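Understanding the architecture of this molecule
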Amino acid sequence: MTEGCRCLDSLASTTSIACAVDAAPERRIQRRRRVIKGGKVVFNNGQSVIDCSVRDLSEGGAKLLLRDPIILPHDFQLQMLDGRLIPCELRWARNGAVGVKFRGA
């Protein structure tokens with residue numbers, strides 16, 4: 001493990017604290033396109049909802065921006081403005097941004 005960085009895989013499923021090396025290599029299989037869309041992070045059986053901005057999007061995942069650094073669960077849903085709910089898995093988090101993988105993608 002790189003000094004100063006913790007892998008999400010080793011954390012409990014209810015935490016989201018992670019970091020990445022600034023010069024991390026590109027590991028995406030699918031190319032992301034830059035977008036600016038509103039969305040919501042939904043968890044806790046729909047009882048918790050947090051506004052976010054979707055900044056990068058691919059068929060397999062997305063980069064979300066959050067206003068405040070918060071702890072997110074490992075699994076949650078991304079609600080798009082058109083009402084679609086997309087099951088997500090948290091992959092990384094840093095500086096108010098999170099990377100998610102769409103479950104089933």
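Relevant structure appears above.
None of these values were measured; they are calculated from a predicted model. (Residues numbered from 1 in each chain as written. Predicted model: local features only at pLDDT ≥ 70, side-chain atom pairs only at ≥ 80, totals over all residues. Heavy atoms only, no water.)

**Quick word on the overall build of the protein chain**
The secondary structure content of the protein chain amounts to zero helices and six strands. Reading the secondary structure of the protein chain in the N-to-C direction produces β-β-β-β-β-β. For the protein chain, contacts bridging at least 24 residues in sequence account for 48% of all contacts bridging at least 6. Just so you have it, the protein chain exposes about 7100 Å², and 47% of that area is on carbon and sulfur atoms. (Helix = DSSP H or I, 4+ residues; strand = E, 2+ residues; numbered from the N terminus. Contact = heavy atoms within 4.5 Å. Areas by Shrake-Rupley, 256 points an atom, 1.4 Å probe, with all protein chains shown as cover.)

**Regarding the pairing of strand β3 (residues 61-66)**
Walk down a regular strand and you will see the side chains alternate between the two sheet faces. Inspection of the sheet shows strand β2 (residues 48-57) paired to β3 by five bridges, in the antiparallel sense. Across the sheet, the residue bridging to V54 is L64, located in β3. Once β2 ends, the chain turns through three residues before running back antiparallel as β3. Two elements, β3 and strand β6 (residues 97-102), share five bridges in a ladder whose sense is antiparallel. Its bridge partner lying in β6, A62 is registered against V100. (Pairing = 2+ DSSP bridges.)

**Regarding unusual backbone geometry**
Positive phi values are uncommon outside glycine, yet N44 reaches one of about 60°. Of note, N44 is situated in the loop between β1 (33-43) and β2. Residue N45 is not a glycine yet carries a positive backbone phi of 55°. Within the secondary structure layout, N45 lies in the loop between β1 and β2. N45 sits in the exposed class, given a relative accessible area of 79%. (Buried < 20%, exposed > 50% of the residue type's maximum accessible area, 1.4 Å probe, protein only.)

**Side note on the pattern of salt bridges**
Per the stated rule, a full pass over the model turns up four salt bridges. Salt-bridge contacts for E89 lead to R91; the nearest nitrogen and oxygen are separated by 2.7 Å. Of the residues examined, E89 reaches a relative accessible area of 16% and is grouped as buried. The exposure class of R91 is partly exposed, given its relative accessible area of 40%. (Salt bridge = Lys/Arg side-chain N within 4 Å of Asp/Glu carboxyl O.)

**Concerning the nonpolar core**
Core analysis: the biggest nonpolar cluster contains 20 residues, and L64, F76 and L78 have the highest contact counts within it. Counting only elements with at least two residues in this core, the list comes to β1, β2, β3, β4 (75-80), β5 (85-94) and β6. Of all the elements, β5 adds the most residues to this core, at four residues. Contact partners of F76, with chain neighbours within four places excluded, come to V41, V42, F43, L64, I86, P87, C88, L90, V100 and R103. (Core = buried A, V, L, I, M, F, W, Y, C linked by side-chain atoms within 4.5 Å.)

**Topic: the sheet that holds β6**
Strands sit in the order β1-β2-β3-β6-β5-β4 around a closed barrel of six strands; the barrel is antiparallel. Strand-to-strand, the axes of this sheet are offset by a mean angle of 45°, without reference to chain direction. Where β4 and β5 come together, five bridges link them in antiparallel fashion. Across the sheet, residue Q77 finds its bridge partner in β5, namely P87. (Axes fitted to C-alpha atoms, helices over the stretch in contact; angles between N-to-C directions.)

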